[in-house]
Structure formats: C-alpha cells, structure tokens
Amino acid sequence: MSYTIPLLKFVAFLDLLAVGLIVPLIPNHVRQMGGNHIYIGLLGSIYAGFQLGSGPLIGSLSDIRGRKEILILTLFVCSIAYLILGLTNSIAVILIVRAVLGLFKQTQLLTKALVPDFEKNERKQSNIYGKMAAISGMGITLGPVIGGHIVEDYPIHGFSFIGGVVSICFLINAGLAMLLPNVNTPAKKKPDKSSSQNVFSTLLSCTKQSFVELSKVKWSKYWTIFMFQASNSFAMGVYYSSYALYLKTQFGLTPKHIGYVVSVQGVIGAVSSFLIGYINSFYGHDEGYTLRNYHVFLLTTLSLLGICLSFNVIMYSILLIPLAIGNAVGRLVTLEMVLKRSHGDHRGTLIGASNSVRSLSGVVAPMIAGMVGEFLGVEYVLYPSFLSLLVGLIISYHYKNRHMKLD
C-alpha cells in the first residue's frame, strides 16, 4: 500500500487545483450576468452555510459507511454540480449549485480522515498532513492564475470551458479514489440489507446513525480548540473577503497585480505546510501542541496589526510572509490538537466538526467585513480580523499556561 499516501496527496492537489480554476471567477461571472452585490455575497454565505452542517454529517457518514465510499460519492456529485455551474445562464441555478457543493464538497476532510487508515505512526501523520497541505496549496495557487488567463483569452465561452474542465478533474479524482485499498469500517450498527435496497431508506438510516455518533462525542474536550479554529478562521475569512478591495482602494493595485500578491502568499503557505515536520522538530516537548498554538497566534496577530498599519504595498507584502506562515501552520496545529484528543472511531466526525467551525466563520466574516466597509470605510475593514486574532492570542496564552501547570 506504498502508493496510497501519494495518491491521497494527488487527489487533494487536483481537488484544490480544480476549485482554484473556477471559484475566483464566479463573482465576476455572476456580475456579468446582471447579479448585484447581494447575490455575490450570497454565493459565499450559502456555500459556507451548507458546509457548516455537512461537515460533521459527511464525516460521521464516512465513519459509518466507509471513508473511501463516501469520498467517491461526493466526488461524483461535485463533478455533476460543476458541469452545471459552467453551463447554466441562471443566477438562481448557480445559487442552488453552490448549496449542493456546500453539502458535498468535503474532499479535503475525507482525504485527511483517510490518512491514519494507511499510516499508523502519529509523527509520520503530522508530516503527511503538512505535505498534503503544501501540495494542495500549490493547487489553489496555480488554479486562479490558469483560470484567469483562460477567461481573459476567451471571454465568451471561457467560463463554460473551465466548468467542463473542473468537472473532468473531479471525475478523475473519483477514479483515483477507487484505486485506494479497502479499509474495514469500524464495527458499528449498520443499516440492514432490506433498507439498503432503497436509496432513501439507506440515506435516512445512515443520517440517523450519524446523529447517534455525533451524540457519543465528548464535545467538552474540544470546545477550546474549536474556539481557536473559530478565531483564526473568522480573521482569515474577513481578510480574504476584503483583500482585493483593500489593495485596490488603498494602494491602487490592478487585478493582475492583486493576483500576483495572492499567489505569493499561497506559495509561502504551501512551503510552510511542507516544512511542518521541520517546524515540529523545534517543539519536541510540546506534546499537547499548546506552545505551538500560542506562537502561531502571536505571529499572525502581530503581522496582521502591521498589515493594518501598512503605508505602502511593499510593507504590506513583506508582512504577508509571517501571516501566511502562521495561517498555514496554525491550521495544521489545530488539526493535530483535535486528532491528539480523539479516538479513531470519531475521527471523521471531529474533522467534519472542525470544518464546520471554519464554515460558520465563512458565513459571518463576509457580512461583518461588508458592514465595516460600508459604514466605516475600506481602510478599517481588516481591523475585525486583527481583533479576532487578538482574542485567540489571549486565550491561547492562558490555555498554554494551564496545560503546562497540569504537566
């Protein structure tokens, strides 16, 4: 099974490459179709809202029915959805498709949940997660550049062409997922064969069982970690929903140059994720990941404060380096904190819950950023992001000290 981990890494890469091809183009495509800012805002909120509920559900279903099977199913659904997205001329259909994608687009969750099935060594798992995030980051960095060039060269049919390409990418990923070895599903109560003959009955039975599994998780063990994730995700959600307008308004950057800034940030984040094993080597005694978590918040808080106070684009770009490093490492650290406290039976459920925390932030952050920009001005739009990280920094400091006393 030596090929399984590289295969998972490639699936994660192709997934985000495909997403990067089309997602940055959707707002402008909707605007060209006559949509206003409300519709564009709904695109992000609807997707994040459905991700909020589907994360734990898909994760729990994968614990019950098998992670490989659920991965293949979601990839097929996403393939169809992106094909429709590329072909439709209706804003309403686009909003519906975004909702469907919010429900089923959980490739990153499922590939992460599959890693411990094929690699039992926890230290190696950490390195795998880092390399997977790095490779995936390269995909999300290359995608917008390629997609932007295609649409610029073929303004009429470029978006439809990209929709077809993205659909094919998800089909390829589904075929690759079929090559993964079968893993024994934990022994749990499964739907009987008679109900399995009916698709609706099977789905209903699995959903009920998923909620049963959700109720078995001791959520009190994880609320502080989820708070760290919420703080970081909200901060990054505000930042990413505002950076293009901020750079254009404050520094007069063109879309092409904004794309370069984003690509540089993506490359730095990918390299940081790839080097997570090297970074972890400096924290040999930090078994609970609390010190790493505190350092991540310290780095991102200071860098974002500097970005808010930047007086030119050079200073802004330099400060993006520590911000990108902290964001990339921070996501892996909180993932490791969750997995460190979890049991194998609930791994998919907990990773799904983590994704839902990020999705909740994704629903709220664009609205907060929009309100700040509307009533206070674009120059203040990044301050809620800084305040969120500051709260996370304070909590992480106390959490670190409490954990060290217990040790």
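Residues numbered from 1 in each chain as written. Predicted model: local features only at pLDDT ≥ 70, side-chain atom pairs only at ≥ 80, totals over all residues. Heavy atoms only, no water.

## Some words on the confidence of the model for the protein
Okay, step 1: For the protein, per-residue confidence averages 80 on the pLDDT scale, and residues scoring 70 or more make up 83% of the total.
Okay, step 2: When the criterion is pLDDT under 50, residues 187-199 qualifies, and its contacts beyond four places in sequence or with other chains add up to 16 contacts. (pLDDT = per-residue confidence, 0-100. Contact = heavy atoms within 4.5 Å.)

## Considerations on the pattern of salt bridges
Okay, step 1: A complete count under the given rule lists one salt bridge for this structure.
Okay, step 2: Across the pair D15 and K105 runs a salt bridge, and its minimum N-O distance is 2.9 Å. Of this pair, D15 sits in helix α1 (residues 4-22) while K105 sits in the loop between α5 (91-104) and α6 (107-118), placing them 90 residues apart in sequence.
Okay, step 3: A relative accessible area of 0% places D15 in the buried class. (Salt bridge = Lys/Arg side-chain N within 4 Å of Asp/Glu carboxyl O. Helix = DSSP H or I, 4+ residues; strand = E, 2+ residues; numbered from the N terminus. Buried < 20%, exposed > 50% of the residue type's maximum accessible area, 1.4 Å probe, protein only.)

## Observations concerning a nonpolar patch on the surface
Okay, step 1: Nonpolar side chains collect at one region of the surface, where M138, V267, V271, F274, L275, Y278 and F282 lie side by side and expose about 670 Å² of accessible area between them.
Okay, step 2: Note on placement: Y278 falls in helix α13 (residues 276-280). (Patch = residues over 30% accessible without salt bridge, like charges linked within 9 Å, V, L, I, M, F, W, Y side chains within 5 Å. Areas by Shrake-Rupley, 256 points an atom, 1.4 Å probe, with all protein chains shown as cover.)

## So, the environment of I58
Okay, step 1: Within the secondary structure, I58 sits in helix α3 (residues 37-65).
Okay, step 2: Here I58 falls in the buried class, since its relative accessible area comes to 8%.
Okay, step 3: For the pair I58 and Q106, spaced 48 residues apart in sequence, the C-alpha to C-alpha distance is 7.5 Å.
Okay, step 4: With residues up to four places along the chain from it excluded, the contact list for I58 reads I70, T74, L103, Q106 and L110.

## With respect to the packing of helix α4 (residues 67-87) against α5
Okay, step 1: Direction vectors running N to C along α4 and α5 enclose 165°, while the axes themselves pass 10 Å from each other. Taken together, α4 and α5 sit at an angle that is classed as roughly antiparallel. α5 is crossed by α4, and the crossing has left-handed handedness. Every residue of α5 that contacts α4 at T74, V77, C78, A81, Y82, I84 and L85 is listed here: V93, I94, V97, V100, L101 and F104. (Axes fitted to C-alpha atoms, helices over the stretch in contact; angles between N-to-C directions. Parallel < 35°, antiparallel > 145°, perpendicular 65-115°, else oblique. Left-handed = near helix turned anticlockwise from the far one by under 90°.)

## Things to note about α6
Okay, step 1: With twelve residues, α6 ought to run about 16 Å at 1.5 Å a step, and its terminal C-alpha atoms sit 17 Å apart, in line with that.
Okay, step 2: Within α6, the full set of buried residues consists of T107, Q108, L109, L110, T111, A113, L114, V115, P116, D117 and F118. (Expected span 1.5 Å × (residues − 1).)

## Looking at the packing of aromatic side chains
Okay, step 1: Tallied over the full model, the rule gives ten aromatic pairs.
Okay, step 2: With 5.2 Å between their ring centres and 25° between their planes, Y82 and F170 make a pair best called stacked. Placement of Y82 in helix α4 and of F170 in helix α8 (residues 158-178) is noted, with a sequence separation of 88 residues between them. Exposure class is identical for Y82 and F170. Each is buried.
Okay, step 3: Note on Y246 and F251: the rings are 6.2 Å apart at their centroids and 80° apart in plane angle, and the pair reads as edge-to-face.
Okay, step 4: Classification of Y246 as buried rests on a relative accessible area of 2%.
Okay, step 5: Connected via pairs of aromatic rings, a cluster forms that spans F228, F297 and Y399.
Okay, step 6: In this arrangement the basic side chain of K400 is found over the ring face of Y294, its NZ or CZ atom lying 5.1 Å from the centre. (Phe/Tyr/Trp six-rings, centres within 6.5 Å; stacked < 30°, edge-to-face > 60°. Lys NZ or Arg CZ within 6 Å of the ring centre and 35° of its normal.)

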